[in-house]
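Commentary on secondary and tertiary structure
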Amino acid sequence: MKIEQIIRGGLKSAFMVILLAISVVFNTQKTYAESISLTISGFDSGNNIDFNFQGLASEPAKVKDLDLKVVTDNASGYNLTIASAGDTTELATANTSNPGRIYSLTTPKRAVAFNQKEWGYSLDQTVFKPIPQKNAPEKIWNKDSATPAAGDISGAGLPKLSIAVRAGEDLSGGAYKGGLVVTAITNPRPKVATFKANPRAKRFIAQSRNNFGNCPLNNKVEFKRSQILDTSKTTTNVADTNSDVPILIWSDVDPVTSVKTIYWYSEADRVYAPVNAIMLFSRQSYFKNDAECFTKIDLHDIDFSKTEMIDSIFAQDSMNSSPSSLGISVNEIEKINTVKNPEYAFATTDLTNIDAAKINFTNTTNFEGMFWGARAPHGFNFINLRTNRVTSMRRMFQSFWGPENFELPMFDTSNVTDMFGMFDSLNHVKNINISNFNTENVTNMYSLFALSYDIETIDMSNFNTKKVRIMDTFFYRNYKLKTIYGPDRFDLTSLASSVNMFEDCVRLVGGNGTTYNPGYVGNAGYARVDKPGLPGYFTKKQP
C-alpha cells in the first residue's frame, strides 16, 4: 500500500506580505500491506501554513514544523519519501509576466544561512536540504517493523518535517505556488516458509536407545534444494501451518550410483528451519525412512536464525554403535552457529566428514552434551569453538569416541561452573591433555573422567579446585588409568563430597610409586603429587 500527500505551496505578496499555502491530498495504491495511513498535522488553517514577511530582504528564513503520523500493520514496516509535486522545484506565481521565483536549496544548510529566495526541508529541525525532483524522490525514513497500534508519531518513532523559506527584495506581488509530495509506502513483505518440526523429535536426554546399528552401506541419501519444481514427481508439503507458501519435497535415485537425493523446493523468499530442529536430519527424519542414512546435507538457503534446539540434528547411527564407515558431510554447516541452545547438537553423530573449522556457536553459554556419543576416532578440530562465555560443559564429551591422544588446547573454560560428567565414558581415548583448562570457577566435577575404560594418562596439571564442591566418582572405574599429571594438590576448601573418587583405578601409580589402595577410593586427600612420606596418586609433570 502506498499513500501520498501532495503539499502545495503558494507565496502571496500584498503590502510586502508573502503567504505560502500548503495543502494535502491522498492517493492509495495497493502493494504489500494490509493497511497503512499517513497523517500530517500542524497547519495554520485548513491545510495551509503561512509565512508572513514584512521586510522581504532583511528578514531571515522562517520555519514551520509539521507533525507526521504513520500507522501500519505491515510486519516489514514502511518508508517515507519526499519530492517536488511539480516538474520543477521552484515556487512561482501563476502570472506569466511575473519572473519572480523562490528556488530550492542546492546544498544543505541551516536556516540562518539561507540566501534570499530559497526554500528547503529538514527532519532534524537544524539542517535543511534541497527539494528533490519529482522523478527522484528522496527516502527520508525507514522502519522495518509494524508500528504500534497508536502509530509512529513525530517525537515518538518519527521526526518532525520542517519547511523553511526566505523571501527576496525583488519579488513582485502575487501568489507563489509549488508543492511537495510526501509518500508513505509499505516495505515489501517477503514470503516466508518454515520446515515443520520432526514429529518424532525428543530432547536428547529423553530419547530412548534405538537398535539401528551402523548405517547400511547401500542406503545413502542426500538432501539439497532444487531451483525448479519437478512436476513429474509426487511431492509432499513439509512446511508448517504458518508458512505463506509450501515447501515441497520429492526424491530421485541416480541410476548409476544408486544414491537417493531428496530435493526441496519453495517459492518463499526466505525459508527457515523450525524453532525445534531436534533430529531434523537424523536417522529418524521424516524426510526418509529409518532404513536409510543421510550422507550429505546441504543447508544452503535454510535460515537457522529462529532455531533454538538442534539435539542430534545430524545423528545417523545408534548410541552404542562403533564409528560409521559412511559419516555425514554438511554443506554450509556454519548456518547452525546462530542456534540459541546447541546442547546435544552432535550427539551420536559421526564427525569424520564434518568441517569443524566452521563451527563456533558464539551466542551460547551452554554446551551440555554437545558431543555426547559423537565419534571422531581420527581427531576433530575444535579450534574455532567459542567457549569463553560458556558456563556449562556438563556431559559435553560423555561417551565420546575420540582419538587416542585427545587435546583441547584452545578451550577457554574460565567461566565454566559445571563439568559434571564432561569426559565420562570416553571410548578409544588413551591419553587426554587438558592442562590448559582454567577451572577456577568450577563447582561440580562429578564423574569428570568416570568409566573411561581405555584411558591410561590424564594431564590436568593446572587444575584449580578451590570452588569445587562435588568430586564423587571423579576417576571411577578407569581400569587402565596409570598416570595422572596433577597440581601439587587439589584445593579441597569447598569440597563437600568425594565418594568413590578413585574406585577401581587398579593400575594407578603415583609419581613416587604409591599404588592403588582400595581403602582410599573416596579419599580426596590422595589427589596430590606422590612424594616420600606423603603418598598420593598424582605425578608431577616435568617441564
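Further up the page is the structure itself.
No experiment lies behind these values; they were computed from the predicted model shown.

Counting 91 residues, the largest nonpolar core has Phe281, Phe287, Phe346, Phe371, Phe397, Phe423 and Phe475 as its most contacted members. At the level of elements, β17 (220-225), β19 (247-253), β20 (260-266) and β22 (293-298) are the ones that each hand at least two residues to this core. Ranked by size, the runner-up nonpolar core spans 29 residues in total, among them Leu80, Leu91, Trp119 and Leu158.

Overall, the coordinates contain 43 aromatic pairs when judged by the stated rule. Taking the centre distance of 5.0 Å and the plane angle of 80° together, the rings of Phe371 and Phe382 count as edge-to-face. Placement of Phe371 in the loop between β23 (329-331) and β24 (405-407) and of Phe382 in the loop between β23 and β24 is noted, with a sequence separation of eleven residues between them. Take Phe371 and Phe382: they sit in the same class, and that class is buried. Ring centres of Phe382 and Phe397 lie 5.5 Å apart, and the angle between their planes is 90°; this geometry places the pair in the edge-to-face category.

A surface patch of nonpolar side chains, amounting to about 280 Å² of accessible area, comprises Tyr453, Tyr479 and Val506. Looking at the secondary structure, you find Tyr453 in the loop between β25 (431-433) and β26 (457-459). By relative accessible area, which is 41% here, Tyr453 ends up partly exposed.

So, about the sheet that holds β17. Within the open sheet, the six strands sit side by side as β18-β19-β20-β17-β22-β23. Their pairing is mixed. Bordering the open sheet on either side are β18 (236-237) and β23, each of which pairs with just one other strand. By the bridge criterion, three bridges tie β22 to β23 in an arrangement that is parallel. Of the residues in β23, the one forming a bridge with Lys296 is Ser329.

The next thing to look at is the sheet that holds β26. Taken in spatial order, the four strands of this open sheet run β24-β25-β26-β27, and their pairing is parallel. Because the sheet does not close on itself, it has two edges, and the strands there are β24 and β27 (483-485). Across the sheet, the mean angle separating the axes of adjacent strands is 10° when strand polarity is ignored. Here β25 runs beside β26; their pairing, made up of three bridges, is parallel. Paired with Asn431 across the two strands is Thr457, which belongs to β26.

Cut-offs applied
- Residues numbered from 1 in each chain as written.
- Predicted model: local features only at pLDDT ≥ 70, side-chain atom pairs only at ≥ 80, totals over all residues.
- Heavy atoms only, no water.
- Core = buried A, V, L, I, M, F, W, Y, C linked by side-chain atoms within 4.5 Å.
- Buried < 20%, exposed > 50% of the residue type's maximum accessible area, 1.4 Å probe, protein only.
- Helix = DSSP H or I, 4+ residues; strand = E, 2+ residues; numbered from the N terminus.
- Phe/Tyr/Trp six-rings, centres within 6.5 Å; stacked < 30°, edge-to-face > 60°.
- Patch = residues over 30% accessible without salt bridge, like charges linked within 9 Å, V, L, I, M, F, W, Y side chains within 5 Å.
- Areas by Shrake-Rupley, 256 points an atom, 1.4 Å probe, with all protein chains shown as cover.
- Salt bridge = Lys/Arg side-chain N within 4 Å of Asp/Glu carboxyl O.
- Pairing = 2+ DSSP bridges.
- Axes fitted to C-alpha atoms, helices over the stretch in contact; angles between N-to-C directions.

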